[in-house]
Amino acid sequence: MGTLKRFFLIADYLTLIRQVRRELHMWSALAEQLPSPLREQARASLRDKEFHCLGGAVYALYPGAARHKVLRAIVALQTISDYLDNLCDRLQVFDESAFRTLHLSFQDALRTDGPSHRYYAEYPYTEQVYLPRLVRVCQESLRCLPHYGAYQEAALYLGEQYCQLQVLKHLGPQREQLLKEWIDRSFPAGLRWQEWAAACGSTLAIFFCFALASSEPRVTPEAVLDAYFPWIQGLHILLDYVIDQDEDARHGDVNFTFYYPSRRQLSTALQVFAAESRSRAANLPNPEFHLTVVDGLLALYGSDPKAKLQNHTALFRRLSRGSYAAYYLPACAILRRLGVLS
């Protein structure tokens, strides 16, 4: 039965890709109205980070989820995330206050009421048509989910950690020290500082909260955090950084995999995260869904051409051994060659 459920989930996901791209096309059209250089950064985030929305969209397929509203909220929030990442990363701005004000948009998007903010107030460029509209669309979608109130506090907590990470990691030479101090203050011992930081950088648990908000709650916010934060989210972002190692080294960007003393220790840490993620996913309701997410992360990142170019093929095979990810990996590689996945 588990295999059959996974098959239907994957088949549904492939049909969902077209809907995600329709949403992104809408945002691309709106981005063309932006002034330069905001227009170029919005274009680049939509073009180069499409796979973030494609991956996150799987939560619109969670059993009982209001597919259209959940999908719209996911794409809007992830587009905010990717756009802000470019604004903090690519325009030679290193102003902590400006970054914090920009990221109020992410936090506002997770609230269904309350005032909005002037997100560009301390940033050197501004606009009024794109970022505020993304926030409103996310809010409007969440207002249509009848039980979002049961999960809003958890979503806001996760959003707060995400925004804190994004602000600190873009602050130039002092960023590493600031990140370590924040992690030491905020999270329990037991994991390396970069592992907690990686867990803060994922939006998956927020998307899960969106999906759960569609129907009568069967999963507590505490159970969401227990499975996803730090485990599934940490696995997600560490894998993302694995395939971005060359690019981040060229740009001088933070990459949390660089803080492991050796590739062997990185591999061991990833195996721990993968095993813990699978164990905790198996204890959630609809475990096949979450196990498919975990194995899908390994397959999506492992099939990325950057993984092979950086000699990570053996690492992903090792992480996939004994799981469905061993089958998803070649399947995703084929879908990439066919242009179904970017």
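Scroll up for the structure.
Draft legend 1. Region of the structure containing the overall build of the protein chain. Counting secondary structure elements, the protein chain contains 18 helices and zero strands. For 342 residues, the compact-globule estimate of 2.2 N^0.38 gives 20 Å, and the protein chain sits close to it at 19 Å. With respect to the principal axes defined by its C-alpha atoms, the protein chain has extents near 50 × 45 × 40 Å. The 342 residues of the protein chain split such that 56% are buried. With the model as given, the accessible surface of the protein chain reaches about 14800 Å², and the carbon-plus-sulfur share is 53%.

Draft legend 2. View of unusual backbone geometry. Following Ser36, the chain continues into Pro37 via a peptide bond in cis, with omega recorded as 5°. Relative to the helices and strands, Pro37 resides in the loop between helix H1 (2–31) and helix H2 (38–48). For the bond from Phe229 to Pro230, the omega torsion is 25°, close enough to zero to count as cis. Turning to its location among the elements, Pro230 is positioned in helix H12 (residues 221–243). Of note, Gln92 is a non-glycine position whose phi angle comes to about 55°, a positive value. Following the sequence through the fold, Gln92 ends up in the loop between helix H4 (67–89) and helix H5 (96–102). Assessed through its relative accessible area of 63%, Gln92 is described here as exposed. A positive phi angle, close to 55°, is found at Asn286, a residue other than glycine. Mapped onto the fold, Asn286 is located in the loop between helix H14 (263–281) and helix H15 (287–302). Overall, Asn286 belongs to the partly exposed group, its relative accessible area being 23%.

Draft legend 3. Representation of the packing of H4 against helix H7 (residues 131–143) within the structure. Between H4 and H7, whose axes approach to 8 Å, the crossing angle comes to 150°. Our classification of the angle between H4 and H7 gives roughly antiparallel. Two packed elements cross with a definite hand, and for H4 against H7 that hand is left-handed. Contact residues: Lys69, Arg72, Ala73, Ala76, Leu77, Thr79, Ile80, Tyr83 and Leu84 in H4; Leu131, Leu134, Val135, Val137, Cys138, Ser141 and Leu142 in H7. Residues that form the contact of H4 with H7 fall into these classes: 12 nonpolar, two polar and two charged.

Draft legend 4. Representation of the nonpolar core in the model. Ranked by internal contacts, the top residues of the largest apolar core, which has 126 residues, are Tyr59, Tyr83, Tyr130, Phe210 and Phe256. Among the elements that line this core, the one with the most residues is H12, at 13 residues. Ignoring anything within four residues of it in the chain, the contact list for Tyr83 reads Leu34, Leu38, Gln41, Ala42, Ser45, Tyr120, Glu127, Tyr130 and Leu131.

Draft legend 5. Representation of the environment of Lys306 in the model. The residue Lys306 is located in helix H16 (residues 305–309) in this model. Residue Lys306 is classed as partly exposed on the basis of its relative accessible area of 27%. Once the C-alpha coordinates of Lys306 and Arg47 are considered, the two residues, 259 residues apart in sequence, prove to be 17 Å apart.

Draft legend 6. A look at H14. Taking 1.5 Å per residue, 19 residues should reach 27 Å; H14 reaches 26 Å between its end C-alpha atoms and fits that length. Of all the residues in H14, the buried ones are Leu266, Ser267, Ala269, Leu270, Phe273, Ala274, Ser277, Arg278 and Ala281. In a view along the axis of H14, the buried residues occupy a sector of 165°, so they form one face of it. On the buried face of H14, the contacting elements are helix H10 (193–200), H12, helix H13 (245–251), H15, helix H17 (313–320) and helix H18 (325–337).

Draft legend 7. Quick peek at a positive patch on the surface. Together, Arg263, Arg264, Arg318 and Arg321 make up a region of like positive charge exposed at the surface. With respect to the secondary-structure elements, Arg264 resides in helix H14.

Analysis parameters
- Numbering of residues starts from 1 in every chain and runs along the sequence as written.
- Local features in this predicted model are restricted to residues of pLDDT 70 or higher, and side-chain atom pairs are both shown and tallied only at a pLDDT of 80 or more, whereas totals for entire chains, interfaces and linings draw on every residue.
- Values shown for side chains rest on all heavy atoms present in the structure; no hydrogens or waters enter the calculation.
- Strands here are runs of E lasting at least two residues and helices are runs of H or I lasting at least four, both read from the DSSP assignment and numbered beginning at the N terminus.
- For the radius of gyration, the atom set is restricted to C-alpha positions; the globular benchmark scales as 2.2 Å times the number of residues to the power 0.38.
- Summary of the burial criterion: residues with accessible area below 20% of their type's maximum are buried, those above 50% are exposed, and those between are partly exposed, where the area comes from a 1.4 Å probe applied to protein chains only.
- Here, Shrake-Rupley sampling with a 1.4 Å probe gives the accessible areas, and only protein chains in the shown set may cover a residue.
- Note on geometry: axes are C-alpha line fits, over the in-contact stretch for helices, and angles between N-to-C directions span 0 to 180 degrees.
- Each angle is binned into one of four classes, with values under 35 degrees roughly parallel, values over 145 roughly antiparallel, values of 65 to 115 roughly perpendicular, and all other values oblique.
- Put simply, a crossing is left-handed when the front helix is turned counterclockwise from the back one by less than a right angle, and right-handed when it is turned clockwise.
- Only heavy atoms matter for contacts: two residues are in contact if any of them lie within 4.5 Å across the pair.
- The classification used treats Ala, Val, Leu, Ile, Met, Phe, Trp, Tyr, Cys and Pro as nonpolar, Asp, Glu, Lys and Arg as charged, and all other residues, Gly among them, as polar.
- Side-chain atoms within 4.5 Å link the members of a nonpolar core, which is a set of buried Ala, Val, Leu, Ile, Met, Phe, Trp, Tyr and Cys residues.
- One fewer than the residue count of a helix, multiplied by 1.5 Å, yields its expected span.
- By definition, the arc is the one covered by directions from the helix axis to the C-beta atoms.
- A patch consists of residues whose relative accessible area exceeds 30% and which take part in no salt bridge; residues with like charges are grouped when within 9 Å of each other, and nonpolar side chains (Val, Leu, Ile, Met, Phe, Trp, Tyr) when within 5 Å.
- Counted as salt bridges are all cases of a side-chain nitrogen of Lys or Arg within 4 Å of a carboxyl oxygen of Asp or Glu.
- All tallies of charge rest on Lys and Arg as positive and Asp and Glu as negative; His and the ends of each chain are not included.
- Charge positions are represented by NZ for Lys, CZ for Arg, CG for Asp and CD for Glu.

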